[in-house]
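Commentary on secondary and tertiary structure
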Amino acid sequence: MKELVEHTEGINRLMARYGVKFGIYKGGEFHEQLFPFDAIPRVITHDDFQQLEKGLIQRVDALNLFLNDIYSEKKIIKDGVIPEEFVFISSGYLPQCEKITPPKNIYSHISGIDLVLGKDGEWYILEDNLRIPSGASYPMIAREICRRVSPSTFSNNSVADNRNYAAMLRQTMDWVNTGGIPVIMTPGRYNAAYFEHSYLAERTGSELATCTDLFVEDNCLYYRDYRDKKQKVGVIYRRISDEYLDPMTFNQESLIGIPNIMDVYRSGNVAIVNAPGNGVADDKGIYYFVPKMIRYYLDQEPILKNAPTYLPFYDEDRKYVLDNLEKLVVKDVAEAGGYGVIFGNELSSEKLSEMKKLIEKESRRFIAQEVVDFQDMEVMEGEDRVLRKADLRAFVLSGETTKVWPSGLTRFSRNADSFVVNSSQGGGFKDTWVLSQWKK
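Being a predicted model, the structure only gives us computed values, none of them experimental.

1. Remarks on the sheet that holds strand S13 (residues 309–310)
The four strands lie next to each other as S13-S16-S14-S15, forming an open sheet whose pairing is antiparallel. Two strands close off the open sheet at either side, each with one partner strand: S13 and strand S15 (341–343). Of the pairings in the sheet, the one linking S13 to strand S16 (residues 366–370) comprises two bridges and is antiparallel in character. The residue bridging Tyr310 from the neighbouring strand is Ala368, located in S16.

Right, dumping it as structure tokens:
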């Protein structure tokens, strides 16, 4: 590990050369920047990962069952487990997806589950990402470069090999393929995660395509290559949001979607990874109900805990939130990427009062959580080791079976006083070492 730390600067230079960057829009302009890498890894023991694995598989299986139910029989609503109005007023619920059954009944093929490790030694789920979770490419290429820089680090330590993500992803896509080539669809070069789109296409042997390369004909989806040859598409891993996917079904002004792809999908002639409509299951308000989903659909007790969460939508919870706002964190359910997160202890008395009025007026718009005192991790800052907050995005793939990638994206805050770790908020990332069962 010492050798990796000594070469941190060189590793970051190599990643910059390979284009390992992410893009953000500021003031209407696109800015691309390096996602800073820290060479001190997060280490997860074999036993700890086994427990995490069981809990993550349980959670994603329940979420897939929920999506199947919500877009068909809605038993969980009829049985009073989740309030009807709570589901249907979610911005992620898409009535256009009603009665569509995706190939093999899988809705969330790739789930990004964000967790933190509390100082009490417990893992807490912060949120579920079931639409188009990104980030797997960063630990993939970081490990690849680190293995080149210091092969002995990995030959002398019992670290599970994480180079199998591309194979896991391809197997997941192949399982739902309706007959045709696999495609990864990107909105283009100026998307924040374009590096990941191109990297995963290369590693999985899929075609990288934009909307101009794809078209619908005779109720099938086709890819037109550089030779003007058309090939039928059997599975499309789309990296654009639902609302832009099909201008004939969703946003009519979308210039990056594929007209009539939803007709092809509805007919069962193409698999879309992840399925449209998944946003209803990763709504920050629906998050509150996931433990109840696990009990309802699987008849099991949840293995992993939610962070203690309150819904101002309910009178009792709203009263608690209003009485304790200064010690809670409030999240706007419509926001992502670390935006819309408000720590009550950082607000002035005037701002607290304004926030309380907003919560009373728009109670469905927010959730409130206890601030989980999660563990600090060592990070290099120049020549010094400093402590910073870090989370973990675990990647769970659902195909013939549900599997957890033995790695993950560990993001950390570069601000000593911040709990927000997102790349869009200036955070960095680490490699995640899952220790192998076999010790060296």
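From this point on, the discussion continues.
2. Describing the environment of Lys357
For Lys357, the location among the structural elements is in helix H15 (residues 349–361). The class of Lys357 is exposed, set by a relative accessible area of 57%. In sequence terms Lys357 and Leu322 are 35 residues apart; their C-alpha atoms lie 9.1 Å from each other.

3. Here we look at the nonpolar core
Phe66, Leu214, Ile236 and Met293 are the most contacted members of the largest nonpolar core, which has 73 residues in total. Of all the elements, helix H3 (residues 46–70) adds the most residues to this core, at nine residues. One finds Ile40, Ile106, Met168 and Met173 within the second-largest nonpolar core, a separate group that totals 41 residues.

4. Digging into helix H2 (residues 8–17)
Turning to H2, its buried residues number three or more, namely Thr8, Ile11, Asn12 and Met15. Along the axis of H2, the buried positions cluster into a sector of 95°, meaning they face one direction only. Exposed and oriented more than 90 degrees from the buried face of H2 are Glu9, Arg13 and Arg17. Gly19 sits one or two positions beyond H2 and adopts a positive phi of about 80°.

5. Details of the pattern of salt bridges
Summed over the entire model, instances satisfying the criterion amount to 35 salt bridges. Put simply, Glu217 and Lys230 hold a salt bridge, and the shortest N to O gap is 2.3 Å. Remark: Lys230 occurs in strand S10 (residues 230–238) and Glu217 occurs in strand S8 (residues 214–217); sequence separation between them is 13 residues. Overall, the relative accessible area of 29% leaves Glu217 in the partly exposed class. A relative accessible area of 40% places Lys230 in the partly exposed class. Close ionic contact of Asp263 with Arg266 constitutes a salt bridge, the shortest N to O distance being 3.2 Å. On the criterion of helical spacing, the pair formed by Asp263 and Arg266 is a turn pair, its members being three residues apart in helix H11 (residues 261–266). The class for Asp263 is partly exposed, based on a relative accessible area of 35%.

6. Considerations on the packing of aromatic side chains
Aromatic ring pairs are defined here through the distance separating the ring centres and the angle between the ring planes. All chains considered together, the criterion is met by 20 aromatic pairs. Ring plane angle 55° and centroid distance 4.8 Å describe the contact between Tyr165 and Trp405, whose orientation is recorded as tilted. A residue pair is termed long-range when its members are at least 10 positions apart, and Tyr165 in helix H8 (residues 165–176) and Trp405 in the loop between strand S19 (402–404) and strand S20 (409–412) qualify at 240 residues. One aromatic cluster is present, formed by Phe35, Phe37, Tyr138, Phe195, Tyr199 and Phe429 through successive ring pairs. Its guanidinium or amino end placed over the ring of Tyr222, Lys230 lies 4.6 Å from that ring's centre, counting from NZ or CZ.

7. Points about the side chain of Ser137
For Ser137, the location among the structural elements is in helix H6 (residues 137–149). On the basis of relative accessibility, which here comes to 0%, the residue Ser137 falls in the buried class. The contacts of Ser137, once residues within four sequence positions are left out, are Phe195, Glu196 and Tyr199.

8. Details of empty space enclosed by the protein
Using the criterion set out here, one finds one cavity of 30 Å³ or more in the structure. Considering only enclosed or pocket space, the largest cavity measures out at about 40 Å³ in volume. If you list the elements that add at least two residues to the lining of the largest cavity, you get H3 and strand S18 (384–398). With three residues, the top contributor of residues to the lining of the largest cavity is H3. Taken together, the residues of the lining of the largest cavity break down into eight nonpolar, one polar and no charged.

9. Quick look at the layout of surface pockets
Quantified by volume, the second largest pocket comes out at close to 330 Å³. Residue lining of the second largest pocket: 16 residues in total, with Thr8, Asp38, Met380, Glu381 and Gly382 positioned closest to the centre.

10. Looking at the pairing of S10
Judged from the five bridges that link them, strand S6 (residues 181–185) and S10 form a sheet pairing that is parallel. Its bridge partner being in S10, Met185 is matched across the sheet by Arg238. Sheet topology places strand S9 (residues 220–224) next to S10; three bridges connect them, and they run antiparallel. Bridge pairing links Arg224 to Lys230 in S10. Here S10 pairs with strand S11 (residues 271–273) via three bridges, running parallel. The residue of S11 that forms the bridge with Val235 is Ala271.

Scoring rules and cut-offs
Residues numbered from 1 in each chain as written. Predicted model: local features only at pLDDT ≥ 70, side-chain atom pairs only at ≥ 80, totals over all residues. Heavy atoms only, no water. Pairing = 2+ DSSP bridges. Helix = DSSP H or I, 4+ residues; strand = E, 2+ residues; numbered from the N terminus. Buried < 20%, exposed > 50% of the residue type's maximum accessible area, 1.4 Å probe, protein only. Core = buried A, V, L, I, M, F, W, Y, C linked by side-chain atoms within 4.5 Å. Arc of directions from axis to C-beta. Salt bridge = Lys/Arg side-chain N within 4 Å of Asp/Glu carboxyl O. Phe/Tyr/Trp six-rings, centres within 6.5 Å; stacked < 30°, edge-to-face > 60°. Lys NZ or Arg CZ within 6 Å of the ring centre and 35° of its normal. Contact = heavy atoms within 4.5 Å. 1 Å grid on protein atoms, 1.4 Å probe; cavity = no way out; pocket = protein on both sides within 12 Å on 5 of 7 lines; lining within 4 Å. Points joined across faces, edges and corners; volume = space filled by probe spheres on them. Nonpolar A, V, L, I, M, F, W, Y, C, P; charged D, E, K, R; others polar.

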